[in-house]
Amino acid sequence: MESPGIFDRAARRLHRDRAFTSYGDARFLRDYMIEGIADRLAGIAREFRDVLDLGCFDTAFVPPTGSRVARLDPGYRFAAAAQGVQGDEDRLPFADHAFDLVVAAGTLDTIDDLPGALTLARRVLRPDGLFLAAFVGAGSLATLRGALRDAEGDRPGARIHPQVDVRAAGDLLMRAGFALPVADTETLTIRYASLFGLLRDLRGMAGSNVMQGRSPLRRDVLARAADLFADRADPDGRTTERLEIVFMTGWSPAPSQPKPARRGSATQSLANALRPPTPSD
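Residues numbered from 1 in each chain as written. Predicted model: local features only at pLDDT ≥ 70, side-chain atom pairs only at ≥ 80, totals over all residues. Heavy atoms only, no water.

Peer 1: It is not clear to me how the pairing of strand β4 (residues 99–105) should be interpreted in this structure. Could you clarify?
Peer 2: Remember that side chains alternate between the two faces of the sheet whenever the strand is regular. The element β4 is extensively covered by neighbouring structure, given that seven of its seven residues are classed as buried. Pairing geometry for strand β1 (residues 50–54) and β4, over four bridges, is parallel. Across the sheet, residue Leu 52 finds its bridge partner in β4, namely Val 102. Bridge count between β4 and strand β5 (residues 125–136): six bridges; the pairing is parallel. Bridge assignment links Ala 105 to a residue of β5, and that residue is Ala 134. Handedness of the β-α-β unit built from β4, helix α4 (residues 114–123) and β5 comes out right-handed. (Buried < 20%, exposed > 50% of the residue type's maximum accessible area, 1.4 Å probe, protein only. Helix = DSSP H or I, 4+ residues; strand = E, 2+ residues; numbered from the N terminus. Pairing = 2+ DSSP bridges. Right-handed = clockwise from strand over helix to strand, strands pointing away.)

Peer 1: Honestly, the sheet that holds β4 in this entry has me stumped. Any pointers?
Peer 2: In any sheet, the strands associate via hydrogen bonds between backbone groups, in a parallel or an antiparallel arrangement. Ordered by their spatial adjacency, seven strands build an open sheet running β3-β2-β1-β4-β5-β7-β6, and the pairing between neighbours is mixed. Two strands lie at the open edges of the sheet, namely β3 (85–86) and β6 (179–192), each paired on one side alone.

Peer 1: Which parts of the structure should I look at to understand the pattern of salt bridges?
Peer 2: Oppositely charged side chains can form a pair if their charged atoms are brought close together. Under the definition given, this model contains 26 salt bridges. Linking Arg 68 and Asp 50 is a salt bridge whose minimum nitrogen-to-oxygen distance equals 2.8 Å. With a gap of 18 residues between them, Arg 68 in strand β2 (residues 68–73) and Asp 50 in strand β1 connect regions that are remote in the sequence. Overall, the relative accessible area of 56% leaves Arg 68 in the exposed class. Of the residues examined, Asp 50 reaches a relative accessible area of 9% and is grouped as buried. As a salt-bridge pair, Arg 218 and Asp 220 come within 3.0 Å of each other at their nearest N and O atoms. Taking the relative accessible area as the measure of exposure, Asp 220 reaches 36% and is therefore partly exposed. Connected through salt bridges with shared partners, the residues Arg 9, Arg 12, Arg 13, Asp 88, Glu 89 and Asp 90 form a single ionic network. (Salt bridge = Lys/Arg side-chain N within 4 Å of Asp/Glu carboxyl O.)

Peer 1: Even after reading the chapter, I still don't get the layout of surface pockets, so can you show me in this structure?
Peer 2: Left-over empty space is what a probe sized like a water molecule reveals as it rolls over the atoms. Here the largest pocket is characterised by a volume of approximately 910 Å³. Taken together, 36 residues line the largest pocket, and the ones lying closest to its centre are Arg 159, Leu 202, Gly 207, Ser 208 and Asn 209. For the lining of the largest pocket, the secondary structure elements donating two or more residues are α1 (9–19), α2 (28–42), α5 (142–152) and α7 (195–204). By residue class, the composition of the lining of the largest pocket is 20 nonpolar, nine polar and seven charged. (1 Å grid on protein atoms, 1.4 Å probe; cavity = no way out; pocket = protein on both sides within 12 Å on 5 of 7 lines; lining within 4 Å. Points joined across faces, edges and corners; volume = space filled by probe spheres on them. Nonpolar A, V, L, I, M, F, W, Y, C, P; charged D, E, K, R; others polar.)

Peer 1: Help me out: how do you make sense of the nonpolar core in this one?
Peer 2: Nonpolar side chains in soluble globular proteins generally cluster together in the buried interior. Judged by nonpolar contacts, the single largest core of 41 residues is most densely connected at Leu 29, Ile 37, Phe 61, Leu 101, Leu 144, Leu 243 and Ile 245. Elements with a minimum of two residues in this core: α2, β4, β5, α5, β6, α7, α8 (219–231) and β7 (239–251). Broken down by element, this core gets its largest block of residues, five residues, from α2. Apart from residues no more than four positions distant in its own chain, Phe 61 is found in contact with Arg 30, Ile 34, Ile 37, Leu 41, Val 51, Asp 53, Arg 71, Leu 101 and Val 103. Core analysis: the next-biggest nonpolar cluster, separate from the first, contains 27 residues, Leu 92, Leu 108, Phe 135 and Leu 173 among them. (Core = buried A, V, L, I, M, F, W, Y, C linked by side-chain atoms within 4.5 Å. Contact = heavy atoms within 4.5 Å.)

Peer 1: What exactly am I supposed to notice about the packing of α7 against α8 here?
Peer 2: Each packed pair of helices is defined by two parameters, the angle between the axes and the distance between the axes. Their axes nearest at 9 Å, the elements α7 and α8 cross at an angle of 110 degrees. Between α7 and α8, the interaxial angle falls into the category roughly perpendicular. Residue-level contacts link Leu 195, Phe 196, Leu 198 and Leu 199 of α7 to Leu 222, Ala 225, Ala 226 and Phe 229 of α8. Of the residues in the contact of α7 with α8, the class split is eight nonpolar, no polar and no charged. (Axes fitted to C-alpha atoms, helices over the stretch in contact; angles between N-to-C directions. Parallel < 35°, antiparallel > 145°, perpendicular 65-115°, else oblique.)

Peer 1: Looking at this structure, I do not really get the side chain of Asp 90. What am I missing?
Peer 2: By secondary structure assignment, the location of Asp 90 is in the loop between β3 and β4. Here Arg 9 takes part through its side chain, which lies 2.9 Å from a polar atom of the side chain of Asp 90. Not counting residues within four places of it along the chain, the set of residues in contact with Asp 90 comprises Arg 9, Asp 112, Asp 113, Ala 117 and Leu 120. (Polar contact = N/O pair within 3.5 Å; in protein donor to acceptor, adjacent residues only side chain to side chain.)

Peer 1: Help me understand the pairing of β5, please; the structure alone is not making it clear to me.
Peer 2: Summarising burial for β5: ten of the twelve residues are buried, a large majority. When β5 meets β7, the two strands line up antiparallel, connected through seven bridges. By the bridge assignment for β7, Ala 133 is matched with Met 248.

Here you go:
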């Protein structure tokens, strides 16, 4: 019997299916992630023949010219519209070494077994295959988090998903066996006239609470949270919220890749390297 995790898989699928019809109004966050992934991909001069789009949503990710693309989404409606596969990122139904490029934009922050998902992504890559991902990371939605916490008082519920910071993201890439791992962050700033606009966008992008044991907000708590959110507004009446987007890059190991220098192979001591120059140098 599978032990319960942090996230509710059934709720995750349901939220994505509910977001299917309105997703176009809230796709700006994933579009930002895809743009960042495309920028990183543009700097790589190599051919990708077979591509996997994990968490494909509305297929906004455009694969490199000439490549074949397979798409997977946890939601049935997104997967069906993409002519892809419905499934979870930590339970991939693909053969090992099937792809040259795996892209995951906007979904890895709501799976229980993130290390397992990264390991599977590396396994489905061919040697020297590329993994590129982006998700909402630690420090995001601080204004919303604070308003909800203060509105609920002494015993606030868990309303915002646990978030992975950039250092942990880099460590997870290494643990999953990726070569040349890189993790970095970019900040996306958004501004809202009310709390309800932010909540509407979160629902529209399937980004609302899917944690196990979640409970609905009472109306009085929601009203207080809306007032507290408005109290944090700028002089123009709009409240600023920030999203920290974590980008991950890793390569499936291959013999041709650069390797760290062998321990003890240096030809000059650190002490000599740090020695200040003398007039005769």
